[in-house]
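# Results of the structural survey
Here is how the chains run, residue by residue.
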Amino acid sequence: MSGLPGGFWWLWLSTLVNRTGAFVLTFLSLFLTQELGFSGWYAGLVVALHGLGGIAGSPLGGMLSDRWGRRPTMVTGHLAAAACAASLAVVTSPWAVAAVVLLMGVAMQSVRPAIGATIADQVPEHDRRRAYALNYWALNLGFAIAAIGGGAALFLGYRTLFLLEAVATTLCALIVFVRLPETRPEVPLDADGKREAGPRLTTLDVLRDGPFRTLVLLSLLVCTVFSTPWVGLPLTMTHQGLSAESYGVVIAVNGVVIVGFQLLVNRITEKRSPVALLVTSSLLFAVGTGATALVGTQLMFAVTVVVWTIGEMVYVPVNAAATARLAPVHARGRYQGVMGMAWSIGGFIAPVTAGWVVEGPGPEALWFGCAAVAMVAAAGYALLLRRALSGEEPAGEPVAGGVAASGSGASGSGASGSGASEAARAVVPRDAGKAPAAAASQAPPVAVPSQTGPATAPEAASAGAREGSGAAAGGGTKGEVSAV
């Protein structure tokens, strides 16, 4: 756990606090069907609207985190999400519920690119997979508390739980505002001492990066599979005659396994090839979801959750680190935003599909379909990304107007020691043609972070993190909030 900057631990703490109160995404489908009396199809549609909001929120958050700053983007997004959670405690009409959930998707997902970019800013490349794993571990520690605590506290009512989420999210925003330093690299000065206008990138510009585009498309397949259990599993279990409380216990297994074993899994896999790990995790998703079609008891449902949870523990940190590796320093937020958009699209497709398939062809068709999609993703990683993620394929060349920056030359809470390999990262496709060699010497100077050094986390935060690791070692879908 040593070697990570203090600012990272404040981000880690804010993630833990935020997810400890994550009751809306855990119980939204049950709230809509059991308390408000809506159909399973409507519940799936509303949960999908959360993903639809994320499709807009992710690139928006990525753009804001690069242009406005990581910290203000996170604070604004958290406060907006808190307001939406509180609103769900009072609205009852189908249109109002749908609108609030849509806006909540925008707010929550706008935060994710800033979180991912902040980690890439602060943590050297060789430690990033570990940092993303630790942040994901905190997310799931909070999620497990929310699932178990929320299931035990259902007697208080869903609306009370939603108000508690609003309080926790507001506290998260306060932690970020007070303790987290800004890490966005500053735009370099021109000859007149003025800030140069940074390159204006769109989502389409980012997607012209060939290997990154492939990573995004394959991530979309995996996220669609990963998001399905968060709506499909409670519907399948109730279809089998099991109670809502049973679902709460089963889905809590996901968080408990990650809390107990995420750091151990990271130690086992940290020296492995990222492509091999992406293939392995996709196959675990295939086995775990496919087996869900064959079981019918609470215990066996829990076993299937364990299988695809192992895939999740491997997949999420590796995918996040791959995104950071392929992103140029000045566009980290935008790259994280585009990747988050893929997760949001998956989070939109999965609930609609799950609700319709379970009530139509049946649960078996849903889960066997998920297994097939995950196997396609595994083949794609093996065949299409081996060179790009193994370091065999050279990074793109710098272009005029781009910022070729390396965190290794920066000091402070920005990209300390990010690695010289990032110096030549570009925002153009690697197959768009080689720039003249002279362009490298004309590239703008290295971007420097806006802070002189990271804030020092208190001993209590570090001690709490160390104690958590002693156990051994990411909307209605958790998939929508896992792209960190």
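Residues numbered from 1 in each chain as written. Predicted model: local features only at pLDDT ≥ 70, side-chain atom pairs only at ≥ 80, totals over all residues. Heavy atoms only, no water.

Turning next to the overall build of the chain. When helices and strands are tallied, the chain shows 18 helices and two strands. Classification of the 484 residues of the chain by burial places 59% in the buried group. For the chain, the accessible surface area stands at approximately 17300 Å², while carbon and sulfur atoms represent 66% of it. (Helix = DSSP H or I, 4+ residues; strand = E, 2+ residues; numbered from the N terminus. Buried < 20%, exposed > 50% of the residue type's maximum accessible area, 1.4 Å probe, protein only. Areas by Shrake-Rupley, 256 points an atom, 1.4 Å probe, with all protein chains shown as cover.)

Its place among the elements puts Leu64 in helix H3 (residues 40-67). Its relative accessible area of 24% is what places Leu64 among the partly exposed residues. Distance from Leu64 to Ala114, taken between C-alpha atoms, is 8.3 Å for residues 50 residues apart in sequence. In this structure, Leu64 is in contact with Gly69 and Thr73, ignoring residues within four places of it in sequence. (Contact = heavy atoms within 4.5 Å.)

Before going further, it helps to examine the pattern of salt bridges. A full pass over the atoms with the stated rule returns eight salt bridges. Across the pair Glu35 and Arg159 runs a salt bridge, and its minimum N-O distance is 3.2 Å. In this pair, Glu35 sits in helix H2 (residues 24-35) while Arg159 sits in helix H7 (residues 158-179), placing the two residues 124 residues apart along the sequence. A salt bridge links Arg332 to Asp121, with the shortest nitrogen-to-oxygen separation between them at 2.9 Å. Taken together, the residues Arg332 in helix H14 (residues 332-359) and Asp121 in helix H5 (residues 94-122) connect sequence positions 211 residues apart. Pair check on accessibility: Arg332 and Asp121 agree, each one buried. Salt bridges here are not isolated pairs; linked through shared partners, they connect Asp66, Arg70, Asp121, Arg332 and Arg334. (Salt bridge = Lys/Arg side-chain N within 4 Å of Asp/Glu carboxyl O.)

Once that is clear, we can look at the nonpolar core. If you look at the biggest cluster of nonpolar residues, it comprises 104 residues, and the most contacted ones within it are Leu32, Leu88, Val97, Phe212, Leu215 and Tyr381. In terms of residues, this core owes the most to one element, helix H13 (residues 298-326), which gives 11 residues. Val17, Val123, Val176 and Ala324 belong to the second-largest nonpolar core, a separate cluster that totals 29 residues. (Core = buried A, V, L, I, M, F, W, Y, C linked by side-chain atoms within 4.5 Å.)

Our focus in this paragraph is the confidence of the model for the chain. In the predicted model, the chain carries a mean pLDDT of 78, and the fraction of residues at 70 or more is 77%. Under a pLDDT of 50 for its full length, residues 394-476 has, in the predicted model, 187 contacts with residues more than four places off or in other chains. (pLDDT = per-residue confidence, 0-100.)

Right, let's talk about the packing of helix H9 (residues 210-227) against H14 for a bit. Axes are the key here: two packed helices are described by the angle between their axes and the distance separating the axes. Look at H9 against H14: their axes get within 8 Å of each other, and the N-to-C directions meet at 35°. For H9 against H14, the interelement crossing comes out right-handed. The residues of H14 that touch H9, namely those facing Phe212, Leu215, Val216, Ser219, Leu220, Cys223, Thr224, Phe226 and Ser227, are Tyr335, Val338, Met339, Ala342, Trp343, Ile345, Gly346, Gly347, Ile349 and Ala350. For the contact of H9 with H14, a count of residues per class yields 14 nonpolar, five polar and no charged. (Axes fitted to C-alpha atoms, helices over the stretch in contact; angles between N-to-C directions. Left-handed = near helix turned anticlockwise from the far one by under 90°. Nonpolar A, V, L, I, M, F, W, Y, C, P; charged D, E, K, R; others polar.)

Now for a nonpolar patch on the surface. A contiguous nonpolar surface patch, about 390 Å² in accessible area, is contributed by Leu171, Leu174, Phe177 and Val178. Position of Leu174 relative to the elements: it lies in helix H7. (Patch = residues over 30% accessible without salt bridge, like charges linked within 9 Å, V, L, I, M, F, W, Y side chains within 5 Å.)

Moving on to H3. The α-helix winds at 3.6 residues per turn, so residues separated by three or four positions along the chain end up facing the same way. Helix length check: H3, at 28 residues, gives a terminal C-alpha distance of 41 Å against a target of 40 Å (1.5 Å per residue), a fit within 8%. Approximately 30° is the largest bend angle found in H3, and it occurs at Ala56, with the proline Pro59 only one to four residues beyond. Phi for Gly69, located one or two positions after H3, is positive at around 130°. (Expected span 1.5 Å × (residues − 1). Bend = angle between axes of the 7 residues up to and from the residue.)

Let us now look at the packing of aromatic side chains. What the rule picks out here adds up to 16 aromatic pairs. Taken together, a centroid distance of 4.6 Å and an interplanar angle of 40° make the contact between Phe212 and Tyr335 tilted. Separated by 123 residues along the polypeptide, Phe212 in helix H9 and Tyr335 in helix H14 bring together distant segments of the chain. Under the relative-accessibility criterion, Phe212 is labelled buried at 0%. Look at Tyr335 and you get buried, because its relative accessible area is 0%. Ring centres 6.3 Å apart and planes at 75° place the aromatic pair Phe285 and Tyr315 in the edge-to-face group. On the criterion of sequence distance, the pair formed by Phe285 in helix H12 (residues 274-292) and Tyr315 in helix H13 is long-range, its members being 30 residues apart. Residue Phe285 is classed as buried on the basis of its relative accessible area of 3%. The structure contains a cluster of three or more aromatic residues connected by ring pairs, namely Phe226, Trp230, Phe285, Trp308, Tyr315, Trp343 and Tyr381. The positively charged end of Arg71 is found above the aromatic ring belonging to Phe177, 5.9 Å away from the centroid. (Phe/Tyr/Trp six-rings, centres within 6.5 Å; stacked < 30°, edge-to-face > 60°. Lys NZ or Arg CZ within 6 Å of the ring centre and 35° of its normal.)

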